[in-house]
Amino acid sequence: MSRADRGTRAMHQALPPALRDAVDDFAEHLSRVRNRSAHTVRAYVTDLVSLLDHAVRMGCVDLAELDLSVLRSWLARQRTTGAARTSLARRAASARAFSAWAHRAGLLPADVGAALASPRAHRELPSVLRADQAAALVEAPSRQAPPTNPSPTNQARTDPKLPNQARADAERTDAATGPASGPADGAEAVPLRDRVLLELLYATGVRVSEACGLDVGDVDHGRRVIRVFGKGGRERSVPYGVPAQRALDDWLRRGRPAMVGARSGNALLLGARGGRLNPTTARQIVGAYAETAGLPRTSPHDLRHSAATHLLEGGADLRAVQELLGHSSLASTQIYTHVSVERLRAAYRQAHPRA
């Protein structure tokens, strides 16, 4: 447990019983009714505990005493301690969500959070690879030995002379444990796994957690689509192209059988010890291949950004890209139109004689 989690737990335990119960009930509502991920629930609970701790310090001993002035005071205190605008916007959203739920549940006489304003979060344009850079990245496993995956502390570096040991070290974060299994040529399956991972991330624009969560049965080879379960358990079908199909065929025919083990289950992508590939390891794989290919620092989410941008630049409809990415709001997808405009503007400044 991190220091921040321990601090939140301590504040939670120090709340009056009624407020503590409200936090627990709200967390259960988010998890069971709203079907939010554990990460999202933890973020909401952290914000809420901080808010209620502040309310208690202001003299609120009952949830019904929570009002707009307390919410505003809490945000103001966050701002004075150096919280970024993005953090303030998220915490305000958490307060509004809790206020709306508490009012519906009869714990608050009014939805006091409905009038709570928050600073507009500054959204930087996402990092996007050029099409040739993205192609170089996804083809890298076919052209080079598996690179050493940087550890979370960035202590590991690429050593082509030690690909097998490096790969084993990098994948210690895999979810599964137990002895490695598979034939002696199992190490040769790793580049096939890496290639299909990179191809799927770029071809479909799925999140890294969605890619790692794929099962073998989620792949429809005939229609060339994958079934993805995104945020909130929302299901969508995402198409992929011929290169990704070839990578999938090679992986399923030659790679996965060499890495499969007792803990593999139906997982499509496997780690070094035969369990489902861990998103942390997947991020390390993407970053390591980008580094050895001489590309800018790249994450799986950068490949998602690149896929969306290249689709729009190629003439895809914004609504279609929204559906492919699994965005619940079109506003989340519209940032990629800004990326395309900025790239066009940069090209204009570089090439036009009167720019």
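Located above this text is the structure these notes cover.
None of the values given here were measured: they were computed from a predicted structure.

The rules behind these values
Residue numbering note: each chain is counted from 1, following its sequence as written. At least 70 in pLDDT is required for a residue's local features to be given in this predicted model, at least 80 for side-chain atom pairs to be given and counted, and no such filter applies to totals for whole chains, interfaces and linings, which use all residues. Excluded from the side-chain calculations are hydrogens and water; all other atoms, namely the structure's heavy atoms, are used. What we call a nonpolar core is a set of buried Ala, Val, Leu, Ile, Met, Phe, Trp, Tyr and Cys residues that are connected through their side-chain atoms within 4.5 Å. A simple rule labels every residue: compare its accessible area, found with a 1.4 Å probe on the protein chains alone, to the largest value its type can have, and call it buried under 20%, exposed over 50%, or partly exposed in between. For the purposes of this entry, the term helix denotes a DSSP run of H or I that reaches at least four residues, the term strand denotes a run of E that reaches at least two, and both are numbered from the N terminus. The criterion used for residue contact is that any of the two residues' heavy atoms lie within 4.5 Å. Here the arc refers to the set of directions running from the helix axis out to each C-beta atom. Any pair of N or O atoms that falls within 3.5 Å is considered a polar contact. Within protein, one atom must be able to donate a hydrogen and the other to accept it, and sequence-neighbouring residues count only if both atoms are side-chain atoms. We treat two strands as partners when DSSP finds at least two bridges between them. Salt bridge, as used here, is a side-chain nitrogen of Lys or Arg placed within 4 Å of a carboxyl oxygen of Asp or Glu. For helices, the fitted line uses only the C-alpha atoms of the stretch in contact; every axis is such a line through C-alpha atoms, and the angle between N-to-C directions lies from 0 to 180 degrees. Any angle that falls under 35 degrees is termed roughly parallel, while one over 145 is termed roughly antiparallel, one within 65 to 115 roughly perpendicular, and all others oblique. Definitions for this section: a left-handed crossing has its near helix turned counterclockwise from the far helix by less than a right angle. A right-handed crossing has that turn clockwise. The classification used treats Ala, Val, Leu, Ile, Met, Phe, Trp, Tyr, Cys and Pro as nonpolar, Asp, Glu, Lys and Arg as charged, and all other residues, Gly among them, as polar. For Phe, Tyr and Trp, where Trp contributes only its six-membered ring, two rings pair if their centres lie within 6.5 Å, and the inter-plane angle classes them as stacked under 30 degrees, edge-to-face over 60, or tilted in between.

## Section: the nonpolar core
Inference 1: In terms of nonpolar packing, the biggest core is built from 42 residues, with L137, I226, W251 and L268 touching the most fellow members.
Inference 2: Listed by contribution, the elements that provide at least two residues to this core are α6 (131-143), α8 (189-204), α9 (208-212), β2 (225-229), α10 (242-259) and α11 (279-292).
Inference 3: No other element matches the eight residues that α8 contributes to this core.
Inference 4: Beyond its immediate chain neighbours, meaning those up to four positions away, L137 contacts L129, L198, V286, Y289, A290, L295, T298 and L303.
Inference 5: V41, Y44, L48 and F98 belong to the second-largest nonpolar core, a separate cluster that totals 32 residues.

## Overview of the environment of Y336
Inference 1: Summarising the element assignment, Y336 is placed in helix α14 (residues 330-351).
Inference 2: C-alpha of Y336 to C-alpha of V128: the two residues are 208 residues apart in sequence and 9.6 Å apart in space.
Inference 3: For Y336, the residues in contact, after removing those within four places along its chain, are P126, H305, A308, T309, L312, L325 and H327.

## Here we look at helix α13 (residues 318-325)
Along an α-helix, residues three or four positions apart point the same way, because every turn accommodates 3.6 residues.
Inference 1: L318, V321, Q322, L324 and L325 are the residues of α13 that are buried. Around the axis of α13, the buried residues are gathered within 165 degrees of arc, so they sit on the same side. In α13, the exposed positions angled more than 90 degrees off the buried face are occupied by R319 and E323.
Inference 2: Two to three positions downstream of the cap, the backbone nitrogen of R319 sits 2.9 Å from a side-chain oxygen, assigning the N-cap of α13 to D317.

## Overview of the pairing of strand β3 (residues 235-239)
Inference 1: Because side chains alternate across β3, one face comprises the buried residues R236 and V238, and the other comprises E235, S237 and P239, none of which is buried.
Inference 2: Pairing between β2 and β3: five bridges, direction antiparallel. Following the sheet pairing, R227 is matched in β3 by S237.

## Quick word on the pattern of salt bridges
Oppositely charged side chains can pair when the atoms bearing their charge come close.
Inference 1: Per the counting criterion, the structure on display carries 13 salt bridges.
Inference 2: D53 is paired through a salt bridge with R57; the nearest N and O atoms lie 2.9 Å apart. A residue pair is termed a helical-turn pair when its members lie 3 or 4 positions apart in one helix, as D53 and R57 do in helix α3 (residues 38-57) at four residues.
Inference 3: We classify D53 as buried; its relative accessible area is 16%.
Inference 4: Residue R57 is classed as exposed on the basis of its relative accessible area of 64%.
Inference 5: Of the charged contacts in the structure, one is a salt bridge between R236 and E210, with a shortest N-O distance of 2.8 Å. Residue R236 is found in strand β3, and its partner E210 is found in helix α9; the two are separated by 26 residues along the sequence. Considered together, R236 and E210 belong to a single accessibility category, that of buried residues.
Inference 6: Overlapping salt bridges bring together D47, R90 and R91 as one network.

## Section: the packing of helix α12 (residues 300-313) against α13
Inference 1: Their axes nearest at 10 Å, the elements α12 and α13 cross at an angle of 155 degrees. Considering the angle they form, α12 stands roughly antiparallel to α13. Handedness of the crossing formed by α12 with α13: right-handed. Across from R304, A308, L311 and L312 in α12, the residues of α13 making contact are L318, V321, L324 and L325.
Inference 2: The residue makeup of the contact of α12 with α13, split by class, is seven nonpolar, no polar and one charged.

## Focus on the packing of aromatic side chains
Inference 1: Evaluation of the coordinates by the stated rule reveals four aromatic pairs.
Inference 2: Here F26 and Y44 contribute two aromatic rings whose centre-to-centre distance is 6.2 Å and whose plane-to-plane angle is 65 degrees, an arrangement assigned as edge-to-face. Here Y44 lies in helix α3 and F26 lies in helix α2 (residues 17-33), a separation of 18 residues in the sequence. Y44 carries the same exposure label as F26, and that label is buried.
Inference 3: On the basis of an interplanar angle of 35 degrees and a centroid distance of 5.8 Å, the ring pair of F98 and W101 is categorised as tilted. Here W101 and F98 lie together in helix α5 (residues 85-104), a separation of three residues that amounts to about one turn.

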